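Spelled out, the chains give:
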Amino acid sequence: MRKKIVAGNWKMNLSFEEGQQLTSELVNMYKDEAIQDVVVVLNPPFPHLYPVKRLIGDVAGIFVGAQNCSDKESGAFTGEVSAKILASFGVTHVILGHSERREYFKEDQALLATKVNQALAHGLTPIFCCGESLEIRESGTHEATVKAQLTASLFHLSPEEFSKVVIAYEPIWAIGTGKTASAEQAQEMHAALRGHLASKYGQAIAAQTSILYGGSANPGNAKELFGKPDVDGGLIGGASLKSRDFIEIVKSF
Ligand code: PGA
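Residues numbered from 1 in each chain as written. Predicted model: local features only at pLDDT ≥ 70, side-chain atom pairs only at ≥ 80, totals over all residues. Heavy atoms only, no water.

K.L.:
How should the packing of aromatic side chains be read in this particular structure?
P.N.:
To describe a pair of aromatic rings, you give the distance between the ring centres and the angle between the ring planes. Scanning all chains against the criterion turns up 5 aromatic pairs. Centre to centre, the rings of tyrosine 50 and phenylalanine 89 are 5.5 Å apart; their planes meet at 70°, and the pair counts as edge-to-face. Here tyrosine 50, found in helix α2 (residues 49-56), pairs with phenylalanine 89, found in the loop between α3 (83-88) and β4 (93-96); they are 39 residues apart in sequence, far enough to count as distant. Assessed through its relative accessible area of 39%, phenylalanine 89 is described here as partly exposed. Note that arginine 101 overlies the ring of phenylalanine 105, its terminal NZ or CZ placed 4.1 Å from the centroid. A cation over an aromatic ring shows up here: lysine 200 above the ring of tyrosine 201, its NZ or CZ 5.8 Å from the ring centre. (Phe/Tyr/Trp six-rings, centres within 6.5 Å; stacked < 30°, edge-to-face > 60°. Helix = DSSP H or I, 4+ residues; strand = E, 2+ residues; numbered from the N terminus. Buried < 20%, exposed > 50% of the residue type's maximum accessible area, 1.4 Å probe, protein only. Lys NZ or Arg CZ within 6 Å of the ring centre and 35° of its normal.)

Here it is as structure tokens:
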């Protein structure tokens, strides 16, 4: 059985106090509501990682992830944070290839492949994002585009390495826009991506790979999205900043 995962992407939001408050609320609700069969990953900005990790303490099922890591191992790279440093703080996941990083920070597919390597080398689980623009969706080449993103940045991995990767399909036109992909559109893409993974790594590994949906997921649409056979959870932006909404999404399975 592949894992059900709900990851919160806080992006560049929340002060120290706000982050602490949100985390405390989430941890309490998670414990009270007995939803431990879902893996929860909180992905705050870098300075929050360690305090968030401490607040989670030994609560099983909640993990801390970063939103990015360097493609370099260590050394004179001012302003960068390596996978090695993250792992040393108990960080377990890292979001890579988010469309905001591809677009605003010009991260290309080769760079992302190197970041994936760094993450895996230090035991971090990459949550690898892929997705198409509205223009590409309207041109009808969305499946080919998203498959090519996986091929370019992941298909150099060995089967053993690949089996540690989580995929997040995030159509760019749905991120932060309030315009969610329909559950049918998500299912169609997730099934196509799983088929693509199977063509490279075989059915068994493809069947074990969690593929998350991201893009305006909220408590009102999560149930329908997560009800689809190839949708294994969500990468949640805006709705991850409100404890009640985020927990409602976690409970949607
Ligand atoms: P959103 O963001 O839920 O606010 O659309 C999702 C994401 O970018 O990861």
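K.L.:
I tried to follow the side chain of arginine 137 on my own but got confused; where do I start?
P.N.:
Within the secondary structure layout, arginine 137 lies in helix α6 (residues 134-139). Take arginine 137: its relative accessible area is 14%, and that puts it in the buried class. Within polar-contact distance, the side chain of arginine 137 engages the side chain of glutamate 132 at 2.8 Å. With residues up to four places along the chain from it excluded, the contact list for arginine 137 reads Glu132, His142, Tyr169, Trp173, Gln185 and Met189. (Polar contact = N/O pair within 3.5 Å; in protein donor to acceptor, adjacent residues only side chain to side chain. Contact = heavy atoms within 4.5 Å.)

K.L.:
Looking at this model, I keep getting lost on helix α9 (residues 183-201). Mind explaining?
P.N.:
Working note: α-helix, 3.6 residues per turn, so residues spaced by three or four point in the same direction. Relative to the 27 Å expected for 19 residues at 1.5 Å per residue, α9 spans 26 Å between its end C-alpha atoms, a close match to the ideal helical length. When α9 is considered as a whole, its buried residues turn out to be Ala183, Ala186, Gln187, Met189, His190, Ala192, Leu193, Arg194, His196, Leu197, Ala198 and Tyr201. (Expected span 1.5 Å × (residues − 1).)

K.L.:
So what exactly am I meant to see when it comes to the pairing of strand β2 (residues 39-43) here?
P.N.:
In terms of burial, β2 is largely enclosed, as 5 of its 5 residues are buried. Here β2 shows a buried face lined by Val39, Val41 and Asn43 and a second buried face lined by Val40 and Leu42. The pairing of strand β1 (residues 5-9) with β2 spans 5 bridges and is parallel. Looking at β2, one finds that isoleucine 5 is bridged to valine 39. Note that the unit made of β1, helix α1 (residues 16-32) and β2 has a crossover that is right-handed. Bridging between β2 and strand β3 (residues 62-66) involves 3 bridges; their strand directions are parallel. Across the sheet, residue leucine 42 finds its bridge partner in β3, namely valine 64. Following the backbone out of β2, through α2 and into the adjacent parallel β3, one traces a crossover that is right-handed. (Pairing = 2+ DSSP bridges. Right-handed = clockwise from strand over helix to strand, strands pointing away.)

K.L.:
Please clarify how the environment of valine 52 should be interpreted in this entry.
P.N.:
Tracing the backbone shows valine 52 in helix α2. Note on valine 52: relative accessible area 0%, which makes it buried. Taking the C-alpha atoms as reference points, valine 52 and tyrosine 169, 117 residues apart in sequence, are found 26 Å from one another. When near neighbours in sequence (up to four residues on either side) are disregarded, valine 52 contacts Trp10, Gln20, Thr23, Leu42, Pro44 and Val64.

K.L.:
Just checking my understanding: could you explain the packing of α1 against helix α12 (residues 243-250) for this structure?
P.N.:
For any two helices packed against each other, the geometry is given by the interaxial angle and the distance between the axes. The contact between α1 and α12 brings their axes to 9 Å, and the two run at 35°. In this structure, α1 meets α12 at a crossing whose hand is right-handed. Residues Leu22, Glu25, Leu26, Met29 and Tyr30 of α1 form the contact with α12, whose participating residues are Ser243, Arg244, Phe246 and Ile247. The residue inventory of the contact of α1 with α12, partitioned by class, reads 6 nonpolar, 1 polar and 2 charged. (Axes fitted to C-alpha atoms, helices over the stretch in contact; angles between N-to-C directions. Left-handed = near helix turned anticlockwise from the far one by under 90°. Nonpolar A, V, L, I, M, F, W, Y, C, P; charged D, E, K, R; others polar.)

K.L.:
Would you mind going over the site of the ligand with me for this structure?
P.N.:
Inspection of the region around the ligand gives 13 residues, with Lys11, His98, Glu170, Gly176 and Ser216 positioned closest. One of the side-chain N or O atoms of glutamate 170 is found 2.7 Å from an oxygen atom in the ligand. One of the backbone N or O atoms of glycine 238 is found 2.8 Å from an oxygen atom in the ligand. Summarising the interface, the protein chains cover 95% of the accessible area of the ligand, which totals 280 Å² for the free molecule. (Near = heavy atom within 4 Å. Areas by Shrake-Rupley, 256 points an atom, 1.4 Å probe, with all protein chains shown as cover.)

K.L.:
In this structure, what is going on with the packing of α1 against α2? I would like to understand it.
P.N.:
Running from N to C, α1 and α2 cross one another at 25°; their axes reach a closest spacing of 10 Å. If you check the angle between α1 and α2, you find them roughly parallel. Considering how the two elements wind past one another, α1 and α2 form a crossing that is right-handed. Contacts between α1 and α2 involve Phe16, Gln20, Thr23, Ser24 and Val27 from the first element and Pro51, Val52, Leu55 and Ile56 from the second. Residues belonging to the contact of α1 with α2 are distributed by class as follows: 6 nonpolar, 3 polar and no charged. (Parallel < 35°, antiparallel > 145°, perpendicular 65-115°, else oblique.)

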